[in-house]
Amino acid sequence: MSRKSLFKRRSFLQILGLGYASTILNSCKTENIKKEPLTSLKAPFVLSTWYHEVDNTIALNTMVDQSKTSLDAIVAGIKNVENNPDDASVGYGGRPDRAGNVTLDACIMNAEGDAGSVSFLKNIKNPIEVARHVMEETPHVMLSGEGAYKFAREKGFEHIDLLTPSSKKEWEKWVKSSQYQPEINIENHDTVGMIAMDDNNNISGGCSTSGMAYKLEGRVGDSPIIGAGLYVDNEIGAATATGVGELVMKTLGSFLVVELMRQGHNPQEACRLAVIRIVERYDTKDMQVGFIACSKSGKFGAYSIFPGFIYTITDSTQNSVLEALSYYSK
Ligand code: ASP
């Protein structure tokens, strides 16, 4: 099944509002999804949450063909996701809040440990680029709402309507019942979190999302919060998260994964322990969280609460979609 048709299928399931959507989705996974983590990646490499073979390839080529840094790779890869109207959880075409506004969250970190972030940003297509401007051109880490919008406009970003006709149609349908129910593994929460290592073994990461579909107006999730949706420590490794942001924020999940790696755990085990922290502390019924991580030596891993969390790894020898191991089994 192509990436595009997978998107269509996910949207279809979402529209139907099927409670067992994840089961159906799991039963029609592409055959090339591998279940066992491979041992390691060779720099330069890229890994990201969910299905992002094309976007990872763009990021990898930025480092390989254009000899640019992992930071440039992150911006190029994530920007491509933000520009894709078929991706209903990120950037242009992202699902709106319950008032019908598309509000975007994103953050970025470089190998020096610098960070930039925007939250509750409206009418700007590429929050990942705005986050980079915040990191590189202001004394701050995070800009939000109207201030983030004004900053983006000053930097030359165009004002656009982020609500596509199909997102609008879905929202209008949703408004009739107005039932808010996060669903596992489908696109009301499919943030892109991306990590890259370049030839100089420098790690950068980024995260971008339109957040939970039909969230309360003003809600900000984990994705723009440094340490929650993303954390990079160039001496140790990096981690990024997707899923119900409230759970990730309360545990500072990505920072936790990196700190567990610092204590000697491999990325796979660090992701598993962070998921266990969430599951043991909170009621996670029907709530998905997934982490991906890599270490400085190129080892990688992922783990989620429920089955069905997919991630993509890309280096010069492979562009593979894997299914993470999970706390609960099918
Ligand atoms: N973590 C994001 C949020 O809570 C959603 C997602 O990962 O899909 O906003």
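My aim in this report is to walk through the structure given alongside it, one point at a time. This one's a predicted model, so the numbers in the text were calculated from it and none came from an experiment.

## A short note on the overall build of the protein
Thought 1: The helix and strand tally for the protein stands at ten helices and 13 strands.
Thought 2: Taking all 330 residues of the protein together, 61% fall into the buried category.
Thought 3: Looking at the protein alone, contacts between residues at least 24 apart form 66% of all its contacts between residues at least 6 apart.

## Some thoughts on the packing of helix α5 (residues 127–137) against helix α6 (residues 145–154)
Thought 1: Running from amino to carboxyl end, α5 crosses α6 at an angle of 90°, the nearest separation of the two axes being 10 Å. Classified by the interaxial angle, the pair formed by α5 and α6 is roughly perpendicular. Contact residues: Val130, His133 and Val134 in α5; Ala148, Phe151 and Ala152 in α6.

## A word on the environment of Leu247
Thought 1: With respect to the helices and strands, the residue Leu247 is situated in helix α8 (residues 245–251).
Thought 2: On the basis of relative accessible area, Leu247 is assigned to the buried category, the value being 4%.
Thought 3: Spatially, the C-alpha atom of Leu247 lies 8.3 Å from that of Thr284, the residues being 37 residues apart in sequence.
Thought 4: Setting aside its immediate chain neighbours within four residues, Leu247 contacts Ile278, Tyr282, Thr284, Met287 and Val289.

## Things to note about the side chain of Thr191
Thought 1: With respect to the helices, strands and loops of the structure, Thr191 is situated in the loop between α7 (165–177) and β5 (192–197).
Thought 2: For Thr191, a relative accessible area of 6% translates into the label buried.
Thought 3: Within the local environment of Thr191, its side chain forms a polar contact with the side chain of Thr209, the two groups lying 2.9 Å apart.
Thought 4: Discounting residues that sit within four places of it in the chain, Thr191 has contacts with Thr49, Trp50, Val90, Cys207, Ser208, Thr209, Ser223, Ala241 and Thr242.

## As for the pairing of strand β2 (residues 104–109)
Thought 1: The element β2 is largely enclosed, with a buried count of six among its six residues.
Thought 2: Sheet topology places β2 next to strand β3 (residues 115–121); five bridges connect them, and they run antiparallel. Bridge pairing in β3 links Ala106 to Val118.
Thought 3: In this antiparallel pair of consecutive strands, β2 and β3, the connection spans five residues, and Gly113 shows a positive phi of 85°.
Thought 4: Sheet topology note: the β2/strand β6 (residues 203–209) ladder contains five bridges and is antiparallel. Bridge pairing links Ala106 to Ser208 in β6.

Cut-offs used in this document
Counting restarts for each chain, with residues numbered from 1 along the sequence as it is written. In view of the model being predicted, local features appear only for residues whose pLDDT reaches at least 70, and side-chain atom pairs are presented and counted only at 80 or more, with totals across whole chains, interfaces and linings using the full set of residues. In computing side-chain values, all of the structure's heavy atoms are included and hydrogens and water are not. Comment: elements are numbered from the N terminus, with helices defined as DSSP H or I runs of at least four residues and strands as E runs of at least two. Think of it in three bands: with a 1.4 Å probe and only protein chains considered, a residue is buried below 20% of the maximum accessible area for its type, exposed above 50%, and partly exposed in between. Here, residues are in contact when the closest pair of their heavy atoms is within 4.5 Å. Each axis is a line fitted through C-alpha atoms, and for a helix only the stretch in contact is used; angles between axes span 0 to 180 degrees, taken between their N-to-C directions. Should an angle fall under 35 degrees it is called roughly parallel, over 145 degrees roughly antiparallel, and 65 to 115 degrees roughly perpendicular, with every other angle called oblique. Polar contacts here mean pairs of N or O atoms no more than 3.5 Å apart (in protein, one a potential hydrogen donor and the other a potential acceptor; neighbouring residues in sequence count only if both atoms are side-chain atoms). Here, a strand pair is defined by DSSP locating no fewer than two bridges between the strands.

These figures come from the coordinates and say nothing about function on their own.
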